[in-house]
Structures are given as structure tokens and as C-alpha cells.
Amino acid sequence: MVVVTGAAGQLGKAIVDELALQNIEYLGIDRSTVDLSQAKELQDFFKDKKIEAIVHCAANTNVEFCETNKKVSYRDNVQATKNLVDLSLQKEAYFMYMSSTGIYGDDQKTPYSEVDTVHPTTVHHSHKLESEGLIAASLSKYVILRTGWIFSDLKKSFVFKILESLSGLTEMKSNTEQVGNPVYSKDIARSILEFLKKAPKGLFNLVGARPVSRYEFVCEIVKLSGQNIKVEPVLNSHFKRLAKVSMNESASCKKMIKQGLTPLPDWSTGLKEVVNKFLS
Ligand SMILES: NC(=O)c1ccc[n+]([C@@H]2O[C@H](COP(=O)([O-])OP(=O)(O)OC[C@H]3O[C@@H](n4cnc5c(N)ncnc54)[C@H](OP(=O)(O)O)[C@@H]3O)[C@@H](O)[C@H]2O)c1
């Protein structure tokens, strides 16, 4: 059985849907099933269950919140991962961890590869890196997948939030400085299933082809919405954020391609699908 954590979240939901589609036995869990940060609760829940693989998507993904709530961030991002690593060891399960290209930091202007140094600039990303470290130090059967700007058809998705915000607007502002790779939840889910089947080990970037600025991404969403709204390009300093997120979260997926894994498609098809779903 494949266990998927964060199954009510953007990515976890897409993965359980894909597992169901491919008739693979799975168990999707979320906070309502078990609190991953509670070791005993987790142990009791899985006591008599056989697990072949754990796909760990649960996390506290609210980067702004984490900045001022370090303990909660640690609990949900690091402690929860530690408890799952222990479970993985006991069950001898393949461990798949969803990490972030945001952990690379601000050291370079070009897309990051897996060999580049990491200097996370926020609490959330520091905790993601700490989790990566404890996985690599404890397990042999694991893969760490650093992904980018996930979007999905769930209400919490960045794309949905932008579309909802358009109502009544004639113009809006967006950041030209921050660059990253948008990535459609369903595209990652299909790729995760390939990783599950081939079970490679180590660290991989896993993002959609074609990095863009936040501004370019928002322009694309607005264009697809069919609304006549002007998107004004502004610098990052226009937005007052607590978390000093990296201005370059873009990454290259050459390593996975070299190892015979299928690269993710351009995100534009997924974006059209999500916008059409919102509009229908
Ligand atoms: N979203 C992005 O753009 C992005 C970018 C790079 C990497 N990632 C990584 O990709 C993964 C999936 O992201 P996502 O966007 O799908 O996240 P998401 O939609 O925020 O879903 C995460 C889920 O994890 C659950 N969770 C958090 N702490 C938990 C705990 N202690 N016990 C049980 N469940 C818990 C959350 O439940 P609650 O809602 O109840 O807290 C939520 O349903 C994460 O590891 C994230 O760090 C995401």
C-alpha cells in the first residue's frame, strides 16, 4: 500500500486521484485522519498496516504564517517528517519527500540544479531543508523532490485566488522580480507515479518546464480569464511581506531527464484546464 500524507491538500489530492486512476492500492491521510506531528498517534494508526511507500506531501505551506510561528512550523514541517521517517524505517518503506525549490535562496540568477548550494531565506524553507537533512541521514530508500509554484483546481490554489480577486477590478499589480517554475498538481502527480515505479534514490528538482516571473504568470491567468484587466508590473518592494522569499525559485530538471524519467510538460495546458474549471 502507498500512503499519501496531506491528501486534502493541492498535491496530495492530485496524487490519490492518480493512484485511484491507475488502480494502485493507497491510503490518503490528512489532519482529520491523524496528526503527523504526534508520534504515538501515528504509530497506533499504522500499527497493523503494511506500507510499501510513503509519499509525504503534508506540510505547513503558509510561508508568511511560519515566519512568526516557528514552533508550529517546526511541528508540522520537521517533527511530522521525523515521525514519518521513523515509520518508514520500521516498515522498510520507500520514502518520497516533497520539498521546495524555494530552499535554494538568492545565491544565483539562473535556474538552480541539485548540486547548487542551498541558503534558505525563510523559516518555512529552513524547516524544509532541515527535514531533507534528517531524511538523508536516516534512510537509504528515499527520494527528495524539490518542486516549484504548485497550482491546482482547489480553492486554496494561487490561480483560484487571483481569479477570485479579479471581480470588479480594472487593474492589478504583480511582481516582476520573483521568478519560479509554475507546476500543475496533476502533472506532478503523474510524475510521482513514475518515481514510485522506478524508485530512484536521492535528490531531484521536479518542476514544470519554462520559468517565468510572478508578473508573467499573473498576466497569463488574467488573459485566460478573458477579462480586460491591466496588470501593472511592480518591484518586490511594493509588497510588504514578512518572509524574505527568494527572488529566484527557478530550477532545472536535467538530472531526472538524464536518469530516464519523463520531464514535466509546459504548465500552460494545466493552467488552461484550471482557469476553464473556475469559469464553468
Ligand atoms: N504549494 C506550493 O507552491 C509548493 C511549492 C514548493 C513545495 N511545496 C511542497 O509540496 C507539498 C505539497 O504542497 P501543497 O501545496 O499540496 O500543500 P497544501 O495544499 O497546503 O497541503 C498540505 C496539507 O498538509 C496538512 N498538514 C499540515 N500539517 C499536518 C499535520 N501535522 N498532520 C496532518 N496533516 C498536516 C495540511 O492540513 P491543514 O490544512 O489542516 O494544516 C494540508 O491539508 C508540501 O510539502 C509543500 O511544502 C509546495
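Definitions and limits used
Residues numbered from 1 in each chain as written. Predicted model: local features only at pLDDT ≥ 70, side-chain atom pairs only at ≥ 80, totals over all residues. Pairing = 2+ DSSP bridges. Helix = DSSP H or I, 4+ residues; strand = E, 2+ residues; numbered from the N terminus. Axes fitted to C-alpha atoms, helices over the stretch in contact; angles between N-to-C directions. Contact = placed C-beta atoms within 7 Å. Buried ≥ 20, exposed ≤ 12 C-beta atoms within 10 Å, placed from the backbone. Near = placed C-beta within 6 Å. Parallel < 35°, antiparallel > 145°, perpendicular 65-115°, else oblique. Left-handed = near helix turned anticlockwise from the far one by under 90°. Nonpolar A, V, L, I, M, F, W, Y, C, P; charged D, E, K, R; others polar.

Colleague: Quick one: what's the story with the sheet that holds strand β3 (residues 53–56), residue by residue and with numbers?
Modeller: Overall, parallel pairing links the six strands, which are arranged β2-β1-β3-β4-β5-β10 in an open sheet. The open sheet terminates on both sides in strands that have one partner only, identified here as β2 (26–29) and β10 (202–206). Strand-to-strand twist of the sheet, defined as the mean angle between neighbouring strand axes without regard to direction, takes the value 20°. Sheet topology places strand β1 (residues 2–5) next to β3; four bridges connect them, and they run parallel. The partner of T5 across the bridge, within β3, is H56. Where helix α1 (residues 10–21) meets the sheet, its contacts fall on β1, β2, β3 and β4 (94–100), and the angle it forms with β1 comes to roughly 155°. Relative to the sheet, helix α5 (residues 123–138) contacts β4 and β5 (142–147), its axis offset from that of β4 by approximately 155°.

Colleague: Hey, could you go over unusual backbone geometry for me, with residue numbers and the actual values?
Modeller: The backbone phi angle of N23 is positive, close to 55°, even though this residue is not glycine. Its place among the elements puts N23 in the loop between α1 and β2. Even without being glycine, E92 reaches a positive phi, approximately 55°. Here E92 falls in the exposed class, since 10 other C-beta atoms lie within 10 Å of it.

Colleague: I'd like a description of the site of the ligand, backed by residues and values.
Modeller: What surrounds the ligand is a group of 25 residues, the closest being G6, G9, L11, A58 and A59. For the shell around the ligand, the secondary-structure elements that each account for two or more residues are α1, α4 (70–91), β4 and β6 (149–151). Top contributing element to the shell around the ligand by residue count: α1, with three residues.

Colleague: Before we move on, could you go through the packing of α4 against α5 and cite the residues and values that matter?
Modeller: The description of two helices packed together rests on the angle between their axes and the distance between the axes. Between α4 and α5, whose axes approach to 9 Å, the crossing angle comes to 15°. Accordingly, the angle class assigned to the pair α4 and α5 is roughly parallel. As for the relative orientation of α4 and α5, their crossing is right-handed in sense. Residues K70, S73, Y74, N77, V78, T81, K82, V85 and L89 of α4 form the contact with α5, whose participating residues are V123, H124, H127, K128, E130, S131, L134, I135 and S138. Across the contact of α4 with α5, the residue classes break down as seven nonpolar, seven polar and four charged.

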